[in-house]
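# Observations on the model geometry
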Amino acid sequence: MGIRVANVTKRFGAFQAVDNVSVDVESGSLVALLGPSGSGKSTLLRLIAGLEQTDAGRIWITGEEATTRTVQDREVGFVFQHFALFKHRTVRQNVAFGLELRRWKKEAIKRRVDELLDLVQLQGFGGRFPSQLSGGQRQRVALARALAVQPRVLLLDEPFSALDAKVRKELRAWLRNLHDEMHVTTVIVTHDQEEAMEVADRIVVMNEGRIEQIGTPAEIYDHPATPFVMGFVGAVNVVPGGTLPRPGFALPPQAASSEDSPLFIRPHDVEVFHEIQADTVPAQLRRLSHLGRDVQAELVLADGQVITAQIPREKMNLAAFQVGDHLHVRSREARTFVPDYNI
């Protein structure tokens, strides 16, 4: 086991940041801690790193208990959100910093730094200072510095959130490829659902200091365990029970009746027609938005409820739809959660 967290709790005054959390991270895997601000994901990462101390519970890293160990003794690599590079040091000096503290020989440091600069695709940038690099390049330097000391685990705290969308997407693909080469046990904190789905083997969804669900990206998206998970991971329409017919809709086994329970419907499961079809209800088109390969239709139902439908462009004749059109909609698939409803 790469990392084991057992019944860990952390409070800051009256605020319960992490509430009796347990999770296992398999050796060599990449796990995302996903949740909104204040969900406890960064605090949990800092507890694993030893940057914060637990109030209760225990932590193991590569099979050895680390609960009371110092940051240095845990042998973790930590990458912060805002790079945290030494401005007065060159790229090469930044990467070498941890090795110098460990009193590696100069020749060994040079070999290791050369190897890492090649790994993070920054050959030829060793003599530059952080101010001479782009944001994406700086974050790759931060990753190289964290990997230099050959950590037992790599911990990333929202490493790409300070970068623009295009660079974030490029670095996500780069990080996943890097992980597949190195197989270092890695935990990444993010509030970006797409980022978690793209890079992680497994996702731990957190909310208010607790774990809502743990699973693969497909399991989290296709089989959400709670209303929070369904509402947070991917877009969703939430409508009162009975608002839309539900072809193929199945009640959860624990529910005797859920006609009054809210329905959760993904926008891509809403079908839109000009003419009445089986199981459709009337709706008026309020807005069309172009999302690249998809078109998003904002629709107002007869009771004033607003829902969205997301339709691939190749399946929609845009010339046939105008704002204000009276249409008909139905859901291919819907889900309900009983007895609790709380997004």
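Procedures and definitions
Residues numbered from 1 in each chain as written. Predicted model: local features only at pLDDT ≥ 70, side-chain atom pairs only at ≥ 80, totals over all residues. Heavy atoms only, no water. Helix = DSSP H or I, 4+ residues; strand = E, 2+ residues; numbered from the N terminus. Contact = heavy atoms within 4.5 Å. Polar contact = N/O pair within 3.5 Å; in protein donor to acceptor, adjacent residues only side chain to side chain. pLDDT = per-residue confidence, 0-100. Phe/Tyr/Trp six-rings, centres within 6.5 Å; stacked < 30°, edge-to-face > 60°. Buried < 20%, exposed > 50% of the residue type's maximum accessible area, 1.4 Å probe, protein only. Salt bridge = Lys/Arg side-chain N within 4 Å of Asp/Glu carboxyl O. Pairing = 2+ DSSP bridges. Axes fitted to C-alpha atoms, helices over the stretch in contact; angles between N-to-C directions.

### Comments concerning the environment of Asp192
Along the chain, the position of Asp192 falls in the loop between β8 (185-190) and α7 (193-199). When the C-alpha atoms of Asp192 and Phe160 are compared, they prove to be 9.8 Å apart, with 32 residues separating the residues in sequence. Setting aside residues no more than four positions away along its own chain, Asp192 makes contact with Leu34, Arg168 and Arg172. Looking at Asp192, its side chain comes within polar contact range of the main-chain nitrogen of Glu194, at 2.9 Å.

### Quick word on the confidence of the model for the protein chain
On average, residues of the protein chain score 89 in pLDDT, and 93% of them are at 70 or above. Low pLDDT, under 50, characterises residues 248-257; the stretch is placed with 10 contacts to residues that sit more than four places away or in other chains.

### Re the packing of aromatic side chains
Here the structure, examined in full by the defined rule, presents four aromatic pairs. Measuring from centroid to centroid gives 4.7 Å for Phe86 and Phe97, while their planes differ by 55°, and the two rings are tilted. Pair noted here: Phe86 is in the loop between β6 (76-79) and α3 (91-101) and Phe97 is in helix α3, with a separation of 11 residues, a long-range link. Taking relative accessible area as the criterion, Phe97 reaches 25% and is therefore assigned partly exposed. Both rings, one in Phe228 and one in Phe232, keep their centres 5.5 Å apart while their planes meet at 10°; by these two values the pair is stacked. On the criterion of helical spacing, the pair formed by Phe228 and Phe232 is a turn pair, its members being four residues apart in helix α9 (residues 227-232).

### Overview of the pattern of salt bridges
Here the structure, examined in full by the defined rule, presents 26 salt bridges. In this structure, the salt-bridge partner of Arg69 is Glu64, at a minimum N-O distance of 3.2 Å. Arg69 sits in the partly exposed class, given a relative accessible area of 28%.

### A word on the sheet that holds strand β1 (residues 3-12)
With antiparallel pairing, four strands are arranged side by side in an open sheet as β2-β1-β4-β5. Of all the strands in the sheet, the pair left with one neighbour each is β2 (15-25) and β5 (64-65). Bridging between β1 and β2 involves seven bridges; their strand directions are antiparallel. Bridge pairing links Ile3 to Val25 in β2. Against the sheet, helix α1 (residues 41-49) makes contact with β1, β2 and β4 (56-61), and its axis sits at roughly 115° relative to β1, the strand it touches most.

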